[in-house]
Amino acid sequence: MVKVLHDEDIQRDVLTGKKVAVVGYGSQGHAHAQNLRDSGYEVVIGLREGKSAARAREDGFTVLPVADAVSVADVVMILMPDETQAKVYKESIKPNLKSGAAIAFAHGFNIHFGQIVPPDDVDVFMVAPKGPGHLVRRTYEEGAGVPALYAVYQDATGQAKDLALSYAKGIGAARAGVLETTFKEETETDLFGEQAVLCGGLTSLIKAGFEVLVEAGYQPEAAYFECLHEMKLIVDLLYEGGLSNMRYSISDTAQWGDFVSGPRVVTAETKERMKEILADIQSGAFAKSWILENQVNRPQFNAINAQELNHPIEKVGQELRALMPFIKQSVKDQETKKVA
Ligand code: NDP
Ligand code: MG
Ligand code: MG
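Residues numbered from 1 in each chain as written. Chains lettered and ligands numbered in written order. Predicted model: local features only at pLDDT ≥ 70, side-chain atom pairs only at ≥ 80, totals over all residues.

At a minimum axis separation of 7 Å, helix 1 (residues 27–38) and helix 6 (residues 133–141) run at an interaxial angle of 20 degrees. Between helix 1 and helix 6, the interaxial angle falls into the category roughly parallel. Judged by residue contacts, Ser 27, Gln 28, His 30, Ala 31, Gln 34 and Asn 35 of helix 1 engage Gly 133, His 134, Val 136, Arg 137 and Tyr 140 from helix 6. Grouping the constituent residues of the contact of helix 1 with helix 6 by class yields three nonpolar, seven polar and one charged. (Axes fitted to C-alpha atoms, helices over the stretch in contact; angles between N-to-C directions. Helix = DSSP H or I, 4+ residues; strand = E, 2+ residues; numbered from the N terminus. Parallel < 35°, antiparallel > 145°, perpendicular 65-115°, else oblique. Contact = placed C-beta atoms within 7 Å. Nonpolar A, V, L, I, M, F, W, Y, C, P; charged D, E, K, R; others polar.)

Take unusual backbone geometry next. Of note, the phi angle at Asn 297 is positive, near 65 degrees, even though the residue is not glycine. The topology assignment puts Asn 297 in the loop between helix 15 (285–295) and helix 16 (299–309). The exposed category is assigned to Asn 297, around which 8 C-beta atoms lie within 10 Å. In this model, Arg 298 sits at a positive phi of 60 degrees, which is unusual for a non-glycine residue. Within the fold, Arg 298 resides in the loop between helix 15 and helix 16. A count of 14 C-beta atoms within 10 Å places Arg 298 in the partly exposed class. (Buried ≥ 20, exposed ≤ 12 C-beta atoms within 10 Å, placed from the backbone.)

Moving on: the UniProt feature "binding site: substrate" (unreviewed entry) in the protein. The UniProt feature table records "binding site: substrate" (unreviewed entry) at Ser 251. Tracing the sequence through the fold places Ser 251 in the loop between helix 12 (231–249) and helix 13 (252–265). Exposure remark for Ser 251: the 8 C-beta atoms within 10 Å place this residue in the exposed category. (UniProt positions renumbered as here; feature names shortened; annotations may be inferred.)

Here's what the structure looks like:
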């Protein structure tokens, strides 16, 4: 197994005395900023005026325009949406970056795909918590942490690795464990996971199962429960103890069905499709399509999104969830929305 670092393995604190500008105060931004502050570090927030800026001020932070925050910072952690980072970097970050400062990320997309090309005289590192921001904050407050990956892309000062590790410790990640990766590995595995399995794979699997039952004449309500609602119970068991834990808890009938039918759904051909998806990620074809889609204001993204909102599973789901007030309406909850 790869080396996992904990608090006691990270002794060289090179973050003390440095000023950290956290750019963006959303899911990750609020958690990094608050955890670093509670760990004793100096933090300013770089933002445009808006909802997040108001919230950061309410939480007691100094909020500056991005350009001003960057010009006083030794470490600039960029926590805006990935598709806006390149523009803000070009306009407000790059012109104000101090020589010998560091820019940091929680996801490698913009560096790996060359949308942000840092100057030679700055450190570039990543600390990517493996969980949504609200969990990064909550676990920190409880005295624990969410594990994180770290990577160094450019080491101009000779301190980039210690800086990344000090930062990871500062947000509480080393209480759980910090693992080394590269920008390439983090970016490509993150994109592949969300496309083939976690988001794309799962939503397509759920919809196909629902459609097969409804087209065969079964009630959409029954189809919803069996193909979507119960997913949570299964995922919780997987999360807590892997495949065997889940199989231990389900009936033997379900387990036999798992063994004989699962491979008929996800076949050798499906695996070939997954390899094609990975190849598109590795070649930059996926990144290019997403960057261009954003440049033309997302016509395809918006059209598909509208179509998906009208899928029958969404309508029946809304009605059934209204009968179950114990289900938290987390989809609309800004903080829990983004995990991938
Ligand atoms: P969010 O969408 O939650 O937050 C974005 C923040 O950026 C908001 O505060 C927003 O402010 C601000 N912002 C947007 N546009 C601009 C702009 N033009 N100028 C200044 N500020 C702007 O982002 P996330 O926290 O989800 O993602 C941040 C990074 O963390 C990404 O790289 C992502 O890949 C990574 N990541 C995210 C995880 C997650 O669970 N969410 C997990 C691991 C990594 P405003 O209110 O003004 O719009
Ligand atoms: Mg059942
Ligand atoms: Mg992702």
